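Structure assessment
Letter by letter, the chains look like this.
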Amino acid sequence: MPQYAALIYEPGDPDWSAVDTPEKQQMLADYGAFGATAAAVLRGGAALYPTTTATTVRVNGGKGGDVVTSDGPFAETKEVLTGFYLMECADLDEAVRWAAQIPAAWYSGIEVRPVIDFGGSES
Amino acid sequence: MLATLVRTTGSWQLAEDAVQDAVMRALDRWPRDGIPPEPRAWLTVTARRRAIDLIRREAMRDSKELAALELRVADAEPPDHGVVRDDLLRLLFVCCHPALSVEAQTALALRTLGGLSTEEVASSLLVSPATMAKRLTRAKRKIQVARIPYEAPSPEDLPERLQGVLTVIYLMFNEGYHASGGDGPLRRGLTSEAIRLATLLRELLPGQVSVLGLAALLALHDARTPARLDHDGEPVRLAEQDRSRWDRDAIERGLALLGLALRGSVARPDPFVVQAAIAACHDLAPTWEATNWPAIVSWYDVLLTVGDTPVVRLGRAVAIGELHGPDAGLTALETVEGLEGHLPFVAGRAELLARSGRVAEARDAYRAALELPTNAATRRTLAARLDELG
């Protein structure tokens, strides 16, 4: 079965490590509900700290070159990646149906990307 | 004290918590029981005990008991220092971790290692205290959340951390040279510490152009120290300083360093080297009037090519004011933006306005300068200038 990454984008770089408003509390409950409903298709996922804690790594001059780290996300955008789910679905339509149930889809957006299967352990 | 605890506990957060706790206890106890005979030692011991407690508490979860035990003998046997042997310089390199922005690195280092208050850090980096407080909080949070390790840097770590370290040393010197708070216009502790650190850096990274440039810059500025205050401790402006009192040895040292630095930066100018060259022009001039202003203006033009900042434009405008007269200086000053709260800008503008005969505007500018935070001596000088305008 194909897998899809549902990438969660939200405006304003929210900090999900602090659930300090009723809105966030409600939102977290919504995510909990999604997790329970979608349990059968979920293969993993994570919530991320805000982009203010991000570090971008580049190697100048290619492999073996100088490692250059910088403070901040890869791209400065209005909506930022705040988390992701890994879902196993029959097809894109099913993945989209699930993505529509992720709370961020209701006020921002979810990017659904098929995951490449390199063979390996899967039979 | 914080520096030592960070080193021995290996954790910034823990060390800071422990020190803060010790200070709180001191504030609580000292007024009641009297100040202990050796306050610093008392604080160190209390902070250390608190750190051990904190590690023990962690140990309930993590089995870090060993760390707590090690902490007690940490002074007897300092941990691996890596390539940087000096405590403070090593911590500067630690602070300048490349996962933090250079702004965050310098703010954090000036605050925790340079001993500057948040207000002083803010004024030396030309941002508001609120912005600075936010920047510091953000940096500390990233250190904590992303787990930026506290580790003695290895030789290959040094180059990418150097920019931050140089900037911090430069700003420490600046704060000491033009103290933004307190009674006196000089804080010798800061300038001499900055010079010491620059000297250590030269030993650590021999031949590095920016390091040579910074060392030259500091020496050439420090050379003027004996003439920067009059008998009453009032600051004397460069134009009116008794140049015979300048430290000739320091000037010679600075010029020698500058020579080495210039030879190493022919292809690409380095901001510290160019600033040192400007300082050298002043140090070599027999009088203010006889200063080689064309050379200074062209060095500023070079400086603009490597870093077009409002402060550089300000320096250039002042030099143009000397070369072509106050009106030309004021015109050049019009291209400077964002320095409205920066004393050298406001006072420099006031000066040019006064020389240009625009007395009413000059008065307003001096009054605006007097509103800005500075030391008491500079304030008196500004007030005297305002008085002279009648």
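Residues numbered from 1 in each chain as written. Chains lettered and ligands numbered in written order. Predicted model: local features only at pLDDT ≥ 70, side-chain atom pairs only at ≥ 80, totals over all residues.

Counting secondary structure elements, chain A contains 3 helices and 6 strands. Along the first, second and third principal axes, the C-alpha set of chain A runs to 45 × 45 × 20 Å. Looking at chain A as a whole, 15% of its 123 residues qualify as buried. Within chain A, contacts between residues separated by at least 24 positions form 74% of all contacts whose residues are at least 6 apart in sequence. (Helix = DSSP H or I, 4+ residues; strand = E, 2+ residues; numbered from the N terminus. Buried ≥ 20, exposed ≤ 12 C-beta atoms within 10 Å, placed from the backbone. Contact = placed C-beta atoms within 7 Å.)

Moving on: the packing of helix H16 (residues 326-333) of chain B against helix H17 (residues 343-355) of chain B. Residues and elements named next belong to chain B. At a minimum axis separation of 8 Å, H16 and H17 run at an interaxial angle of 145°. Where H16 crosses over H17, the two elements pack in a sense that is left-handed. Along its contact with H16, which presents Pro 326, Gly 329, Leu 330 and Leu 333, the element H17 presents Arg 349, Leu 352, Leu 353 and Arg 355. Looking at side-chain class alone, the contact of H16 with H17 contains 5 nonpolar, 1 polar and 2 charged residues. (Axes fitted to C-alpha atoms, helices over the stretch in contact; angles between N-to-C directions. Left-handed = near helix turned anticlockwise from the far one by under 90°. Nonpolar A, V, L, I, M, F, W, Y, C, P; charged D, E, K, R; others polar.)

It is worth spelling out the sheet that holds strand S6 (residues 109-115) of chain A at this point. All names here are of chain A. If you trace the 4 strands from one edge of the open sheet to the other, you get S2-S5-S1-S6, paired in antiparallel fashion. Strand pairing shows two members of the sheet lacking a second neighbour, strand S2 (42-47) and S6, which therefore form its edges. Averaged over all pairs of adjacent strands, the angle between their axes in this sheet comes to 20°, without regard to strand direction. Across 9 bridges, the pairing between strand S1 (residues 3-11) and strand S5 (residues 79-88) is antiparallel. In the strand pairing of S5, Tyr 4 is matched with Met 87. (Pairing = 2+ DSSP bridges.)

Right, let's talk about the nonpolar core for a bit. Of all hydrophobic cores here, the largest spans 88 residues; its most connected members are B:Ile169, B:Leu214, B:Ala216 and B:Ala276. Of the residues forming this core, the biggest block, 10 residues, is contributed by helix H11 (residues 209-222) of chain B. Within the second largest apolar cluster, 14 residues are counted, among which are A:Phe84, A:Ala99, A:Ile102 and A:Ile110. (Core = buried A, V, L, I, M, F, W, Y, C linked by C-beta atoms within 7 Å.)

Let us look at the interface of chain A and chain B. Put simply, an interface is often sized by how much accessible area is lost when its parts join up. Taken residue by residue, the interface counts 7 residues in chain A and 11 residues in chain B. A total of 3 residues in the side of chain A that touches chain B trace back to one element, the largest contributor, which is strand S4 (residues 66-71) of chain A.

With that settled, consider the environment of A:Ala105. All names here are of chain A. With respect to the secondary-structure elements, Ala 105 resides in helix H3 (residues 103-107). Residue classification places Ala 105 among the partly exposed residues on the basis of 18 C-beta atoms within 10 Å. Separated by 97 residues in the primary sequence, Ala 105 and Ile 8 place their C-alpha atoms 7.8 Å from one another. For Ala 105, the residues in contact, after removing those within four places along its chain, are Ala 99, Ala 100 and Ile 110.

Attention shifts here to the confidence of the model for chain B. Residue and element names in this part refer to chain B. Taken over all residues, the pLDDT of chain B has a mean of 84, while the share at 70 or more is 81%. Ignoring residues within four places in sequence, the model shows residues 68-79, a span with pLDDT below 50, making 12 contacts including any to other chains. The ipTM for the predicted assembly is 0.76, set against a pTM of 0.74. (pLDDT = per-residue confidence, 0-100.)

This brings us to the packing of helix H10 (residues 188-204) of chain B against H11(B). Residues and elements named next belong to chain B. Here H10 crosses H11 at 150°, and the two axes come no closer than 9 Å. With respect to each other, H10 and H11 are oriented roughly antiparallel. Judged by the twist between their axes, the crossing of H10 over H11 is left-handed. Along the contact surface, H10 presents Thr 191, Ala 194, Ile 195, Ala 198, Thr 199, Leu 201 and Arg 202, while H11 presents Val 211, Leu 212, Leu 214, Ala 215, Leu 218 and Asp 222. Residues of the contact of H10 with H11, tallied by class, amount to 9 nonpolar, 2 polar and 2 charged. (Parallel < 35°, antiparallel > 145°, perpendicular 65-115°, else oblique.)

Residue and element names in this part refer to chain A. Alignment of strand S3 (residues 55-60) against S4, held across 6 bridges, turns out to be antiparallel. Bridge assignment links Arg 58 to a residue of S4, and that residue is Val 68. In this structure, the hairpin formed by S3 and S4 is closed by a connection of 5 residues, where Gly 61 is found at a positive phi of approximately 85°.

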